[in-house]
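One letter stands for each residue in the lines below.
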Amino acid sequence: MRIIDVSGIRTGMRLAKDIYLCNGSMLLAEGMPLKESYIDKLTALGVYTIYIHDDISQGIEISDVIHEETRLHARALVKTTMDHIARNRSLGFDAISNTMNNIIDELIYNRNIVINLEDIRTVDTYTFSHSVNVAVLAIVTGIKLGYDFRRLKELGMGALLHDIGKMKVPPEILNKPGVLTQEEFEEVKRHTIYGHESLKAYPEIGYRARFIVLAHHERYDGLGYPIGIKGKRIHEFTRIVSVADVYDALTSDRVYRRRINRDQALEYILSMCNKHFDKEIVEAFIESIPMYPLGAIVRLNTNEKGIVVKVEKSCPKKPVVRVITDPYGIRYDDHREIDLMNTGDIEIVEICSGI
């Protein structure tokens, strides 16, 4: 199993993971051979990547740190919650609380599983999928920092709801494919205030979680918004969600730009330590995120290309790579696997879009 761009699909390729629509119904099922009409449908829906089975990815099983059912339920719950906010209707706190309990339980149980957040999204599910991913990333970081269940839950609640105020921003601004005007950008920035105001009626959500909603765009150097606070004055929960939010946004496809690779996103976040982000939080965050995920196509310093087939959480920068092509791009007849932990002179140079 591996993930590829929709632009690289060829008819006859077999789908390796189910694809779901915004309402939770299945669009395409695992194992289905892809026809031209399916590829056109995926493109029309704004699906940029899919999982496939092929000869070079045999034996690679990519498991999520939370069950697919849990992810889909959480995504649907975020959508419902945002719809209620947009219509000024009351929220179902019990449903949000129970979902967060399930996510935390699964993440604690699967704490030794390497994180793969390459969930397949359509354009209209971005906000909801992003909210779930940010919650997962924040909770995993909290686990790394030794948080107990109570703290994990408050952190997770704020992370799951961090973008809830976007439902008060006109959709033509949120989904604008071009550059925003200054006035439009100022309106987008208000989503933090809209979200915080909307949650004031729900003290059971917790003031720290509500502060995450308000302050997740604050920056460590004080140049964020809406308040402009800096350093340790920004609550630790919020500093965690800020990193998770930017990382998932950078590694996601949007209507106005394509995603960047994980290694590039992590390098950017590291470069922003003590500017945008708290260095201690970043260090805890990157220890849980593999720079080279399972199924990624990578180029080695030998100029050979291969696919990542195994990642050890103890050494995520040095995975096992199945070498597919020689330095000139010609496929080997037999694939060999090399463990980069045992080959000091061979290393990964970059993640590639294709073989």
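Residues numbered from 1 in each chain as written. Predicted model: local features only at pLDDT ≥ 70, side-chain atom pairs only at ≥ 80, totals over all residues. Heavy atoms only, no water.

**Overview of the overall build of the chain**
Counting its regular elements, the chain contains 12 helices and 10 strands. Whereas a compact globule of 355 residues would reach a radius of gyration of roughly 20 Å, the chain reaches 21 Å, a difference of no more than 12%. When the backbone C-alpha atoms are referred to their principal axes, the chain occupies close to 65 × 45 × 40 Å. Looking at the chain as a whole, 54% of its 355 residues are labelled buried. Sequence separation of 24 or more characterises 64% of the internal contacts of the chain that already satisfy a separation of 6 or more. Element-wise, carbon and sulfur atoms account for 50% of the exposed surface of the chain, whose accessible area totals about 16,100 Å². (Helix = DSSP H or I, 4+ residues; strand = E, 2+ residues; numbered from the N terminus. Rg over C-alpha atoms; globule rule 2.2 N^0.38 Å. Buried < 20%, exposed > 50% of the residue type's maximum accessible area, 1.4 Å probe, protein only. Contact = heavy atoms within 4.5 Å. Areas by Shrake-Rupley, 256 points an atom, 1.4 Å probe, with all protein chains shown as cover.)

**Observations concerning the packing of helix H9 (residues 207-215) against helix H10 (residues 236-250)**
As a packed pair, H9 and H10 sit with axes 9 Å apart at the nearest point and diverge in direction by 45 degrees. Compared by their axis directions, H9 and H10 come out oblique. In the crossing of H9 with H10, the sense of the turn from one axis to the other is right-handed. Of the residues in H10, those in contact with Arg-208, Phe-211, Ile-212 and Ala-215 of H9 are Phe-237, Thr-238, Val-241 and Ser-242. Its residues placed into classes, the contact of H9 with H10 shows five nonpolar, two polar and one charged. (Axes fitted to C-alpha atoms, helices over the stretch in contact; angles between N-to-C directions. Parallel < 35°, antiparallel > 145°, perpendicular 65-115°, else oblique. Left-handed = near helix turned anticlockwise from the far one by under 90°. Nonpolar A, V, L, I, M, F, W, Y, C, P; charged D, E, K, R; others polar.)

**Overview of the sheet that holds strand E5 (residues 49-53)**
The strand order across the open sheet built from three strands is E1-E5-E2, with neighbouring strands paired in antiparallel fashion. Of all strands in the sheet, those bounded by a partner on one side alone are strand E1 (2-5) and strand E2 (14-15). (Pairing = 2+ DSSP bridges.)

**Some thoughts on the sheet that holds strand E6 (residues 297-300)**
Strand order in this open sheet of five strands is E9-E8-E7-E6-E10, and the pairing throughout is antiparallel. Pairing within the sheet leaves two strands with one partner each, and these edge strands are strand E9 (331-339) and strand E10 (348-352). Sheet twist, expressed as the average angle between the axes of neighbouring strands with direction ignored, equals 35 degrees. Strand direction decides the pairing type here: E6 and strand E7 (residues 305-310), joined by three bridges, are antiparallel. Among the inter-strand pairings, Ile-297 is bridged to a residue of E7, identified as Ile-307.

**Describing the pattern of salt bridges**
Proximity of charged atoms lets side chains of opposite charge pair with each other. Taken as a whole and judged by the stated rule, the model has 20 salt bridges. The salt bridge involving Lys-79 is made with Asp-83; its shortest N-O contact spans 3.1 Å. Taken together, the residues span about one helical turn, with Lys-79 and Asp-83 both in helix H2 (residues 68-86) at a distance of four residues. One salt bridge connects Arg-208 with Glu-154, and the closest N-O pair in it is separated by 3.5 Å. (Salt bridge = Lys/Arg side-chain N within 4 Å of Asp/Glu carboxyl O.)

**What to know about H2**
Here H2 spans 27 Å end to end across 19 residues, near enough to the 27 Å set by a 1.5 Å rise per residue. Listed as buried for H2 are Thr-70, Arg-71, Leu-72, Ala-74, Arg-75, Leu-77, Val-78, Thr-81, Met-82, His-84 and Ile-85. In this structure, the buried residues of H2 make contact with strand E3 (19-20), helix H3 (93-109), helix H4 (126-144), helix H5 (149-160) and helix H8 (191-199). Where H2 ends, the next residue or the one after it, Asn-88, has phi of about 60 degrees, a positive value. (Expected span 1.5 Å × (residues − 1).)

**Looking at unusual backbone geometry**
At the junction of Tyr-225 and Pro-226, the peptide bond is cis and its omega measures out at 10 degrees in the coordinates. Its location among the elements puts Pro-226 in the loop between H9 and H10. Notably, Asn-88 is not glycine yet its phi reads approximately 60 degrees, a positive angle. Take Asn-88: it is sitting in the loop between H2 and H3. A positive phi angle, close to 75 degrees, is found at Asn-303, a residue other than glycine.

**Some remarks on the state of the cysteines**
In this structure the tally under the stated criterion is zero disulfides. Residue Cys-273 stays outside any disulfide, its sulfur separated by 20 Å from that of Cys-315, the closest cysteine. Classification of Cys-273 by relative accessible area gives buried; the value is 16%. (Disulfide = S-S within 2.5 Å.)

**Remarks on the packing of aromatic side chains**
By convention here, two paired aromatic rings are described through the distance between centres and the angle between planes. Scanning the model with the defined rule gives two aromatic pairs in all. Their ring planes at 50 degrees and their centres at 5.5 Å tell us that Tyr-147 and Phe-237 sit as a pair that is tilted. Remark: Phe-237 occurs in helix H10 and Tyr-147 occurs in the loop between H4 and H5; sequence separation between them is 90 residues. For Tyr-147, a relative accessible area of 8% translates into the label buried. By relative accessible area, which is 2% here, Phe-237 ends up buried. Each ring, one from Tyr-247 and one from Phe-285, has its centre 5.5 Å from the other, and the planes form 70 degrees; the classification is edge-to-face. With Tyr-247 in helix H10 and Phe-285 in helix H12 (residues 279-286), the pair connects residues that are 38 residues apart, well separated along the chain. The exposure class assigned to Tyr-247 is buried, which follows from its relative accessible area of 4%. Sitting over the face of the ring of Tyr-51, Lys-17 holds its NZ or CZ atom 4.7 Å from the ring centroid. (Phe/Tyr/Trp six-rings, centres within 6.5 Å; stacked < 30°, edge-to-face > 60°. Lys NZ or Arg CZ within 6 Å of the ring centre and 35° of its normal.)

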